[in-house]
Amino acid sequence: TRPLEYQFDLVRRVVDSLPSQFVWPACILLLIAAAMFFLRRQPHLIPWAWVAITILDLLWFGWRYLPVLPATEIISSSQRSLMRYPPANPNEWRIYSEGMFPYFGSTQFGFAEIQGHGPLTIERYWRLVNPDPNQKPDSVSQGVFLTGFNARTLQLLNVKTSFTLTPIQSPDWRVLAQEDGEIMTVDRTIGDFPVPRQVTIYISENLNALPRAFVVHFAQVIPDEDSALNRLYQPDFDPSRQVILDHPVGALGSAPEIP
């Protein structure tokens with residue numbers, strides 16, 4: 001089902017890798033044979049020769065997978081342009097983006113992105129962001145809305161600034177700017193490798209973002225998870241004043257009167 005160019009590209013990659021797949025193992029075998037031959041009268045040195053050859057083999061194999069480059073060579077000009085929009089105090093607020101920033105952005109530039117990146121996807125977190133049961137979790141799309149944008153989720157996740165491909169339709173958000181930029185996406189019709197795509201990026205600010213930790217005085221018990229998610233997104237539910245629990249808990253103190 002893939003185009004011919006994709007198949008030819010796979011063949012080219014295999015052919016290009018053939019020398020390293022055969023030549024280097026042959027060199028390693030020759031080194032082992034030479035070490036055993038020259039050290040046959042000093043067997044106590046053979047283990048050290050094995051260690052040295054193993055280290056050499058691991059360095060040769062792994063070195064090409066650990067390139068060290070300055071961030072300026074990895075971050076595109078459009079990404080650098082977006083860097084000026086994350087919240088003024090990144091220690092207090094998170095951001096949401098739809099593929100505009102690299103996975104190492106939080107450590108390199110000092111802001112927290114709610115997507116994260118890892119081989120494991122937390123199912124309950126996935127359901128919070130994508131409650132549609134027909135959408136299956138995957139590590140690439142973790143924390144990205146696949147079935148429609150939800151401003152309430154971002155409010156709960158402490159998101160102050162968002163970078164989206166469409167403007168957010170919510171009175172709690174206001175658009176700060178829009179810029180033309182480039183994101184990396186996977187087009188399954190031509191291959192499995194990310195390709196650049198020119199897009200319009202909308203930078204928006206959450207006017208009612210919740211802090212990372214806060215106290216509420218009212219709780220509602222809903223044991224069923226689906227019902228709890230439905231209640232969470234109802235307009236009359238205020239997450240800044242109440243919490244949903246899956247079982248009753250003892251009161252920690254008296255609640256104030258509702259104004």
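In this text the structure is predicted, and so the values were computed from the model without any measurement. Per chain, residue numbering runs from 1 following the sequence as it is written. Per-residue local features of the predicted model are confined to residues with pLDDT of at least 70, and side-chain atom pairs are confined, for both listing and counting, to 80 or more; whole-chain, interface and lining totals are unaffected and use all residues. With hydrogens and water excluded, all non-hydrogen atoms of the structure serve as input to the side-chain values.

This brings us to the overall build of the protein chain. Per the convention used, a helix needs a DSSP run of H or I reaching at least four residues, while a strand needs a run of E reaching at least two, with both numbered from the N terminus. Of regular secondary structure, the protein chain possesses seven helices and seven strands. Counting from the amino terminus, the protein chain carries its helices and strands in the arrangement α-α-α-β-α-β-α-α-β-β-β-β-α-β. Carbon and sulfur atoms make up 61% of the accessible area of the protein chain, which totals about 17,300 Å². Here, Shrake-Rupley sampling with a 1.4 Å probe gives the accessible areas, and only protein chains in the shown set may cover a residue.

Turning our attention to the nonpolar core. Residues grouped as a nonpolar core are buried Ala, Val, Leu, Ile, Met, Phe, Trp, Tyr and Cys residues, joined through side-chain atoms within 4.5 Å. Any residue under 20% of the maximum accessible area for its type is buried, any over 50% is exposed, and the rest in between are partly exposed; the area is computed with a 1.4 Å probe on protein chains only. Ile 114, Leu 154 and Val 159 are the most contacted members of the largest nonpolar core, which has 15 residues in total. For this core, the element with the most residues is helix 5 (residues 123-129), which contributes three residues. Here, residues are in contact when the closest pair of their heavy atoms is within 4.5 Å. Those residues in contact with Val 159 that lie beyond four places of it in its chain are Arg 94, Ile 95, Tyr 96, Ile 114, Leu 154, Trp 173, Asn 206 and Ala 209. With 13 residues, the next largest nonpolar core counts Met 83, Ile 183, Val 199 and Ile 201 among its residues.

Below, the discussion takes up a nonpolar patch on the surface. Patch membership requires more than 30% relative accessible area and the absence of a salt bridge. Residues of like charge join within 9 Å; the nonpolar side chains Val, Leu, Ile, Met, Phe, Trp and Tyr join within 5 Å. Any carboxyl oxygen of Asp or Glu that lies within 4 Å of a side-chain nitrogen of Lys or Arg is treated as forming a salt bridge with it. The grouping of Val 11, Val 14, Val 15, Leu 18 and Phe 22 at the surface amounts to a nonpolar patch, some 470 Å² of accessible area in total. Inspection of the secondary structure assignment puts Val 11 in helix 1 (residues 4-38).

It is worth spelling out empty space enclosed by the protein at this point. Cavities and pockets were defined on a 1 Å grid built over protein atoms only: a cavity is a set of grid points that admits a 1.4 Å probe from which the probe cannot escape, a pocket is an open set flanked by protein on both sides within 12 Å along at least five of seven lines, and lining residues are those with an atom within 4 Å of any such point. Grid points are joined across faces, edges and corners, and a volume is the space filled by probe spheres set on the points. Summed over the entire model, instances satisfying the criterion amount to one cavity of 30 Å³ or more. As for the largest cavity, its lining consists of Ile 32, Ala 35, Met 36, Ile 46, Ala 49, Trp 50 and Ile 53. Of all elements in the fold, only helix 1 and helix 2 (46-63) reach the threshold of two or more residues within the lining of the largest cavity. Among the elements that make up the lining of the largest cavity, the one with the highest residue count is helix 2 (four residues). Here the lining of the largest cavity is built from residues that sort into seven nonpolar, no polar and no charged. Three classes are used, and their members are as follows: Ala, Val, Leu, Ile, Met, Phe, Trp, Tyr, Cys and Pro are nonpolar, Asp, Glu, Lys and Arg are charged, and the others, Gly among them, are polar.

A word on the confidence of the model for the protein chain. Values of pLDDT, which run from 0 to 100, indicate the predictor's confidence residue by residue. With 81% of its residues at a pLDDT of at least 70, the protein chain reaches an overall mean of 79. Across the protein chain, the element-wise mean pLDDT spans from 67 in helix 4 (residues 105-109) up to 92 in strand 7 (residues 242-245).

Moving on, we come to the packing of aromatic side chains. How two aromatic rings sit relative to each other is given by the distance of their centres and the angle of their planes. Pairing of aromatic rings covers Phe, Tyr and the six-membered ring of Trp, with a centre-to-centre limit of 6.5 Å; geometry is then stacked below 30 degrees between planes, edge-to-face above 60, and tilted otherwise. Going through the model one piece at a time under the given rule, you end up with one aromatic pair. Positioned above the aromatic ring of Phe 37 is the side chain of Arg 40, whose terminal nitrogen or guanidinium carbon lies 4.2 Å from the ring centre. Here the basic side chain of Lys 160 rests over the ring of Trp 93, its NZ or CZ set 5.1 Å away from the ring centre. A ring has a charge above it when a Lys NZ or an Arg CZ is no more than 6 Å from the ring centre and no more than 35 degrees off the ring normal.

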